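Overview (structure and organization)
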Number of protein chains: 2
Amino acid sequence: MKRLAMVDDTFLRFESRRQPLHIGMLMLFEPPAGAGKEFPAQVAERLKQSTRAAPPFNQRLVRRGGLHYWEQDDEFDLAHHFVHLSLPQPGRIRELLAMVSRVHGGHLDRAYPLWRIYLIEGLEDGRFAVYLKIHHSVVDGVAGIRMLINMMSTDAEASRQLPPPWEVGTRRSETNPLPIPTRTAGGLSALRSLTREGLKAFTPVLRELRSSFQDFRAKNADLVVGGQAPRCLLNQQVSGTRRFAAQSYATPRMKAVAKAYNATLNDVILAMCGGALRRYLQDLDELPDKPLVAAVPVSVRRDHTALGNEVAFTLAHLATHLDDPAARIVAIKSCMDYNKERIRRLSPAQLVTYASLMLMPGAVNALLGLTPDKALGNIVISHVPGPRQTMYWQGARLSGLYPASLLIDSAALNITIISRHDTVDFGLIACRKTVPHMQRLLEYLEDALTELEGTIK
Amino acid sequence: MKRLAMVDDTFLRFESRRQPLHIGMLMLFEPPAGAGKEFPAQVAERLKQSTRAAPPFNQRLVRRGGLHYWEQDDEFDLAHHFVHLSLPQPGRIRELLAMVSRVHGGHLDRAYPLWRIYLIEGLEDGRFAVYLKIHHSVVDGVAGIRMLINMMSTDAEASRQLPPPWEVGTRRSETNPLPIPTRTAGGLSALRSLTREGLKAFTPVLRELRSSFQDFRAKNADLVVGGQAPRCLLNQQVSGTRRFAAQSYATPRMKAVAKAYNATLNDVILAMCGGALRRYLQDLDELPDKPLVAAVPVSVRRDHTALGNEVAFTLAHLATHLDDPAARIVAIKSCMDYNKERIRRLSPAQLVTYASLMLMPGAVNALLGLTPDKALGNIVISHVPGPRQTMYWQGARLSGLYPASLLIDSAALNITIISRHDTVDFGLIACRKTVPHMQRLLEYLEDALTELEGTIK
């Protein structure tokens, strides 16, 4: 029996009926050339032969004396964890997304290890989908993606011999190491090391805070402080029903835009989100005058050989007040460059402290409601690097890897992006009730990219 | 805005993550002769054109000042409420039951009117299924069945013109009145009328209690008191995961057994349940020495022209300590006759009072745990009369009507039965975790019926 880390436990304690705190991943696969229509069902049949699960897939939650522990589950019930589904005709992506939306909305049962995997067949284009749902107390997003990649292979033939995902677990694949960052304890270890660094470590933090305050007084548009976000329809209480939307955009297209603006892929992602959200909110006559603010997790890893990682939230505005797409990406890049400049001047521990303090005005406002028209932020936009090579599973080629994250009150939309060598895969999850017709954002993201391409021709 | 009745409100307040308190109904339909494979999808397409819902399908829950109210919902979101699903190959009843088990296990979202309807195609035998899920705070079981029957027609052609179930709502169909009892407020109105009847109404109750006490001292096997049930694996805390099993048994077969024993159809149902449960628990080496006790809701309706109904729980033992099927049905019939004798001597109000007092020893024990090896009862077995004629919907013939009830802690299995003119349809719902391989009961019910038939040849 192993006691849960405090940060993992949080995801159990803050979970509620309207706020399930699991995360999901939708994977699309292309069957190998010459495979028949029955290929996905054959894969499902093979997986159903499994009789064992590896950690964390065999860990069951136990509550004793108000504390949570992981205990090895000896009653492996595959039919509970693995589900074979079929889409109704015509089997468009639309039907798939509707199904994943419903499945993602349901709670995982704490009487079982906290995961489920669905194999979904019946897509009209011949592909099939795998949707994994796992509780955030078991794994965080980055580690989850790493885990999934470990379950696949870069070799199509070799991938046919791979055991089911739940038999692989989190064991690191020695034969297939990929440079995917994992998060180790995140903020907590940063705070610990800050304590170790002692009081002198605070000096750079204070210097940055002073400089931020000067920028604030000078109304520097690149400085974004927690609590300056304009409250909008994304800042509502969430229902228990979700809508999931997902689409891939070609990496070369996005990289060409990045290159023209001397920007990063991440800047282009934020510019696409800004453009799409502007239009979406405009349609509903809900666009605030002030720019939307995104909380963007930033990797603060320095040692590129290590797999361990530290993540801090940085705040970026999405320039949704600007009509011109070129002006928008320039403003976003400027804001992100400003953020990165500070990040570079601070150690990971100092950065976490600085970031927390910059969020503080918004957190105080969220608690006390001093300025009800302001929010801590409007949306979380996470960009996670994915595999850089073509991956295979059971002989089928991975053609899309779309994250479905979690929602909490006042954050009714989340966009998580996985960038791969050929496509950048966007996964959007929203409260169905409060964020109407969210799937329109997919089209608006495409339009935003096309607009950006138009500015560099 | 209408405040919820106290009894309806109870189902909201006692609902928990592990104990969703909605009820379900699985309906199987045979498409009309000559209909193509695409028939179910065409029905689904037609239903998707709907733009309105009638009460109670348009009532949304509102909570104000700690109280619950129904409010008209003006944001009808059909795609939330109506779901078109397809079974994976081979599309056996087994796959259908697995799907309904999963769907029945999930909570309804309180941000929407508390119902969902699933049309499920892909059964290998050409039939299709409709599964309705509705919160018990909206409708009780008997009224729910009545509502469903009102949505169908006895005329195949006319049934093609019927609007979707949610447009019909609870309006009574004038053209198609069926003698289906509905429950009006149940115990509450009984208590009210008992108060009206005044103190003299208690005299018969006291007389019955005295007589029961004499029978208790004389160890009359027909007297079953709450709290004498042997605690067994059915009396466990439930998980949030369900297993649903359903099967039809021919009404004439069961009626022949009933006739031979001068028993009722209900006695045969209980005898089948007793036989099946005995074997199921024997397999697991979990059969208690003392007979299992079922709580059996009994209609106490006197006026057969009225639709209003009163229901009281009566306790019956299932003679699971007896090996001989003939002895078992005789003992069960004797116990039920004994119960009915008392029922006949009491007014509905008196009966509810008597039944509550007879449950009391078990309730006190459940609260205080005085004799931990005893339970209030082991299982709820409900028998609800269904339609007596062949019913049609969208031109398709109703071939099965299986209820999926709710579970609470210490009642990890529920069997609800709808008797129709041609088949008696059993719906079994259990906690998947604590009642292993519950679907075996279907086969054991069939065996129990065959055994009973063997005793009368």
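Thresholds applied
Residues numbered from 1 in each chain as written. Chains lettered and ligands numbered in written order. Predicted model: local features only at pLDDT ≥ 70, side-chain atom pairs only at ≥ 80, totals over all residues. Heavy atoms only, no water. Least-squares fit on C-alpha atoms with pLDDT ≥ 70 in both. Contact = heavy atoms within 4.5 Å. Phe/Tyr/Trp six-rings, centres within 6.5 Å; stacked < 30°, edge-to-face > 60°. Helix = DSSP H or I, 4+ residues; strand = E, 2+ residues; numbered from the N terminus. Buried < 20%, exposed > 50% of the residue type's maximum accessible area, 1.4 Å probe, protein only. Lys NZ or Arg CZ within 6 Å of the ring centre and 35° of its normal. Buried area = accessible area lost by both parts, 1.4 Å probe. Salt bridge = Lys/Arg side-chain N within 4 Å of Asp/Glu carboxyl O. Polar contact = N/O pair within 3.5 Å; in protein donor to acceptor, adjacent residues only side chain to side chain. Nonpolar A, V, L, I, M, F, W, Y, C, P; charged D, E, K, R; others polar.

1. Considering the relation of the copies chain B and chain A
Rotating chain B by 180 degrees about the axis while translating it 0.0 Å along that axis superimposes it on chain A, leaving an RMSD of 0.0 Å. Both copies of the chain, as the preceding transformation shows, are related through a two-fold rotation axis. Most of the interface of chain B is mirrored in chain A, where 100% of its interface residues again form contacts.

2. A look at the packing of aromatic side chains
Under the definition given, this model contains 16 aromatic pairs over all chains. Ring plane angle 25 degrees and centroid distance 5.6 Å describe the contact between A:Phe29 and A:Phe128, whose orientation is recorded as stacked. A residue pair is termed long-range when its members are at least 10 positions apart, and A:Phe29 in strand S2 (residues 22–30) and A:Phe128 in strand S7 (residues 128–135) qualify at 99 residues. Geometrically, the ring pair formed by B:Trp115 and B:Trp166 is stacked, given 5.7 Å between the ring centres and 25 degrees between the ring planes. A residue pair is termed long-range when its members are at least 10 positions apart, and B:Trp115 in strand S6 (residues 115–121) and B:Trp166 in helix H7 (residues 165–168) qualify at 51 residues. With respect to class, B:Trp115 is no different from B:Trp166; both count as buried. Chaining the aromatic ring pairs together yields one cluster made of A:Phe29, A:Phe39, A:Phe128 and A:Trp393. Geometry around B:Tyr112 places A:Lys433 over its ring, the cationic atom sitting 4.5 Å from the centre.

3. A word on the interface of chain B and chain A
Listed per partner, the contact involves 29 residues of chain B and 29 residues of chain A. With both chains or domains summed, chain B and chain A bury close to 2,400 Å², and 45% of this area falls on carbon and sulfur atoms. It is B:Arg17, B:Arg102 and B:Lys433 in chain B that bury the most area against chain A; as a group they hold 29% of the surface buried on that side. Seen at the junction of chain B and chain A, the total is eight salt bridges. At the junction of chain B with chain A, the criterion picks out 18 residue pairs in polar contact (both at pLDDT 80 or more). Among the secondary structure elements, those contributing two or more residues to the side of chain B that touches chain A are helix H3 (78–81), strand S5 (82–86), helix H4 (93–105) and S6 of chain B. At four residues, S5(B) tops the list of elements feeding residues into the side of chain B that touches chain A. When the residues that make up the side of chain B that touches chain A are grouped by side-chain class, the tally is nine nonpolar, seven polar and 13 charged.

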